[in-house]
Amino acid sequence: MSPALAKSIRRERLIKLIYFLGLVLGLLLSIVLISNMLVSMLLAFVTFYMLSPLVDWIEGRGLSRVTATSIPFLVLSLVVVILSVAVSPKILGQIQSIQENSQKYIDVVVHGLQEIESKLNLTLHNIYPVDIRGQVEPFLISWAAANFKKLPEILSQSVTVMVMAPFLAFYMLLDGRDIIRKILGFVPNHLFELTLNLNDQIGGQLGGFIRARLIETFFISLLTVVGLMIIDFPYALILGTFAGIMHIIPYVGPFIAAVPAILISVANEGGMNGLIGLAIVFSVVLFIDNWILVPFLVAKIVDLHAVTVVVVVIAGAQVAGVLGMIISIPLVSVFKVSFLAIYQHLIDFRD
Amino acid sequence: MMNFMWENLFRKDKNNRTITAKLRENILFQDLSPLEIKMVENIIHVRNYRTGEVIFKQGEMGVGMYIVAKGIVNIYVEEVEAASADSHSALITQLVEDDFLGDLALVENNGRRSATAIANEECTLIGFFKPDLIEITKRSPSTGVKVLMRLGEVLGARLRETTGKITELKKELRK
């Protein structure tokens, strides 16, 4: 090959690579910068990975891709409508009740802290005055204001996300592969097979991870709701859903899941019996999660070190509050899966 | 010696056809209906190579096969001389339009390329890779079976050729 031709090929590869990376970067930036896009995309990805095997299966029965994609969406819409009619009035009622009683629950926390504070000051003989209440109370009040009093704002954002996410998921299922194929078209020839295989590996692992987490969340929510209903605890639906979502956060999640229920029990003066009942429900759920669900799904769930989890959750909370806490673990898991796949691939691919 | 491994046993001599026609006439896809061919067409990757550009290198991990849609592809094998332990690339065959290469990678797990493929002139190749084959079997199992049966036939024919060559070589050695 002549030096001029070699130079020309190198130039073409560079241009293709710049276009490809620019395209990927542009997509990522638009997801992060456009309001509500990140959450919508995350939900769309979850829906995509949840429905993708079903859509493939229906298509495999001889139906067109459009029909195969539409059927699960129609069924899912029907389920959402039925649930909205049957369950949402109860959930909304429970949210309203929590909102109305939020001051009562804050008072319980403040009172508890006040007691700890006075006991500590008594033990330390006021040598080092402790002021937990002064530090925590303003934070709790602002947190409650942010999460309960700004509820209409959060709900309006949720409506945008609820419209955008299924829309994006539908087109991801319908044309996603074609779009990826077109983007891959920009990859230079010498990196093409590597990128294609990498995309396939990351997609496969991500799909497994998301499906495993969804199954886990569903069962944890269901078990907690049933458990709380058995002990006749209020807000079972909300607390159960919250527990399911919190279990996404390893190690600390199951404990965070129990905190609101304990506070409500104390505020409602449920006494020791109420707390024992809660302890049994949350322990049974944790036992089922650790001994049945996780071993069954363990191959699909990315194992993160306890220290990593704590650091990531704190960072997530600082960046995006409660939502940041919840999505930080899946995001880091995605990065871990991608990083390991890329590393393994680079080791394996070249001679 | 490697030559027969790379020879296209299913070569056809026709020019200037569309990608659809080229797919239809490739042994792997010749049992598919027009609708199935359309699906495959939406899954495969058309790649263009400049003269002298490397398609894949010997020893690299292979992910799938290529059908030559336009141009000529040279196949080289790194040969090590027993006496000096020096290695050099030897041209073992040239693949022309409708030939295909790298089909073993469709069924191997982390398999390595056994030769280097370089574009001898401006080339257009149709890339068909393992993830594409898996996608076909998921989306249309009956189509996947048709492709896999043909792939089995191709690999079987290559194995038969190899066995024949080994038998011949053994006979020569005995002489």
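Only a predicted model underlies this, so the values are computations on that prediction, with no experimental measurement involved.

A. Representation of the interface of chain A and chain B. Taken together, the contact pairs 29 residues of chain A with 31 residues of chain B. When chain A packs against chain B, the two sides together hide about 2,600 Å² of surface, and 46% of this comes from carbon and sulfur. For the chain A face of the interface with chain B, the top three residues by lost area are R181, N189 and E193 of chain A, together amounting to 26%. Counting every contact that joins chain A to chain B gives five salt bridges. Across the pair R113 of chain B and E193 of chain A runs a salt bridge whose closest N-O atoms are separated by 2.9 Å. At the level of secondary structure, the elements contributing two or more residues to the side of chain A that touches chain B comprise α1 (3-33), α2 (37-60), α6 (151-184), α7 (189-230) and α11 (306-349) of chain A. The class makeup of the residues in the side of chain A that touches chain B is nine nonpolar, six polar and 14 charged.

B. Examining the packing of helix α4 (residues 88-123) of chain A against helix α8 (residues 236-246) of chain A more closely. Residue and element names in this part refer to chain A. At their nearest, the axes of α4 and α8 sit 8 Å apart, and the two run at 90° to each other. Put simply, α4 runs roughly perpendicular to α8. Along the contact surface, α4 presents K90, I91, Q94, I95 and I98, while α8 presents A236, L237 and I238.

C. Representation of the packing of aromatic side chains in the model. Inspection of every chain in the model, using the stated rule, returns 12 aromatic pairs over all chains. With 5.2 Å between their ring centres and 75° between their planes, F73 of chain A and F170 of chain A make a pair best called edge-to-face. With a gap of 97 residues between them, F73 of chain A in helix α3 (residues 65-86) and F170 of chain A in helix α6 connect regions that are remote in the sequence. Between Y66 of chain B and F129 of chain B, the aromatic rings sit 5.4 Å apart at their centres with planes inclined by 85°, giving edge-to-face as the arrangement. Note that Y66 of chain B is positioned in strand β3 (residues 64-70) and F129 of chain B in strand β8 (residues 123-129), a separation of 63 residues in sequence. Among the aromatic side chains, those forming a connected cluster through ring pairs are F73, F167, F170 and Y171 of chain A. The positively charged end of R47 of chain B is found above the aromatic ring belonging to F192 of chain A, 3.9 Å away from the centroid. The residue whose ring lies beneath R113 of chain B is F56 of chain B, and the NZ or CZ to ring-centre distance is 4.0 Å.

D. Up close: the sheet that holds β8 of chain B. Taken in spatial order, the four strands make up an open sheet running β1-β8-β3-β6 (chain B), and their pairing is antiparallel. Each edge of the open sheet is held by one strand with a lone partner, namely β1 (45-49) and β6 (100-101) of chain B.

E. Examining the environment of D99 of chain B more closely. Residues and elements named next belong to chain B. Take D99: it is sitting in the loop between β5 (87-95) and β6. Residue class for D99 comes out buried when judged on its relative accessible area of 0%. Placed 29 residues apart in sequence, D99 and K70 show a C-alpha to C-alpha distance of 9.9 Å. Reaching out from D99, the side chain makes a polar contact with the backbone nitrogen of V96 at a distance of 2.9 Å.

F. Seen up close, the sheet that holds strand β2 (residues 54-56) of chain B. Residues and elements named next belong to chain B. Spatially, β2-β7-β4-β5 is the arrangement adopted by the four strands of the open sheet, whose pairing is antiparallel. The open sheet has two edge strands, β2 and β5, and neither has a second partner. Recorded for the sheet is a direction-independent mean angle of 35° between the axes of neighbouring strands. With eight bridges joining them, strand β4 (residues 73-80) and β5 adopt antiparallel strand pairing. Counterpart to I75 in the pairing with β5 is T93.

G. Representation of a positive patch on the surface within the structure. A grouping of K170, K171, R174 and K175 of chain B is seen on the molecular surface, where their side chains present a positively charged patch. Structurally, K171 of chain B can be placed in helix α5 (residues 141-174).

H. View of helix α10 (residues 271-297) of chain A. All names here are of chain A. In this model, α10 (27 residues) spans 37 Å end to end at C-alpha, consistent with the 39 Å of a helix rising 1.5 Å per residue. D289 marks the point of greatest bend in α10, at about 35°. Buried within α10 are the following residues: G277, L278, V281, F282, V285, D289, L293 and L297. Looking at the packing, one finds that the buried side of α10 touches α7, α8 and α9 (253-267).

Thresholds, definitions, all that
- Residues numbered from 1 in each chain as written.
- Chains lettered and ligands numbered in written order.
- Predicted model: local features only at pLDDT ≥ 70, side-chain atom pairs only at ≥ 80, totals over all residues.
- Heavy atoms only, no water.
- Contact = heavy atoms within 4.5 Å.
- Buried area = accessible area lost by both parts, 1.4 Å probe.
- Salt bridge = Lys/Arg side-chain N within 4 Å of Asp/Glu carboxyl O.
- Helix = DSSP H or I, 4+ residues; strand = E, 2+ residues; numbered from the N terminus.
- Nonpolar A, V, L, I, M, F, W, Y, C, P; charged D, E, K, R; others polar.
- Axes fitted to C-alpha atoms, helices over the stretch in contact; angles between N-to-C directions.
- Parallel < 35°, antiparallel > 145°, perpendicular 65-115°, else oblique.
- Phe/Tyr/Trp six-rings, centres within 6.5 Å; stacked < 30°, edge-to-face > 60°.
- Lys NZ or Arg CZ within 6 Å of the ring centre and 35° of its normal.
- Pairing = 2+ DSSP bridges.
- Buried < 20%, exposed > 50% of the residue type's maximum accessible area, 1.4 Å probe, protein only.
- Polar contact = N/O pair within 3.5 Å; in protein donor to acceptor, adjacent residues only side chain to side chain.
- Patch = residues over 30% accessible without salt bridge, like charges linked within 9 Å, V, L, I, M, F, W, Y side chains within 5 Å.
- Areas by Shrake-Rupley, 256 points an atom, 1.4 Å probe, with all protein chains shown as cover.
- Lys, Arg positive; Asp, Glu negative; His and termini not counted.
- Charge placed at Lys NZ, Arg CZ, Asp CG, Glu CD.
- Expected span 1.5 Å × (residues − 1).
- Bend = angle between axes of the 7 residues up to and from the residue.

What is shown is where atoms sit, not what they do.
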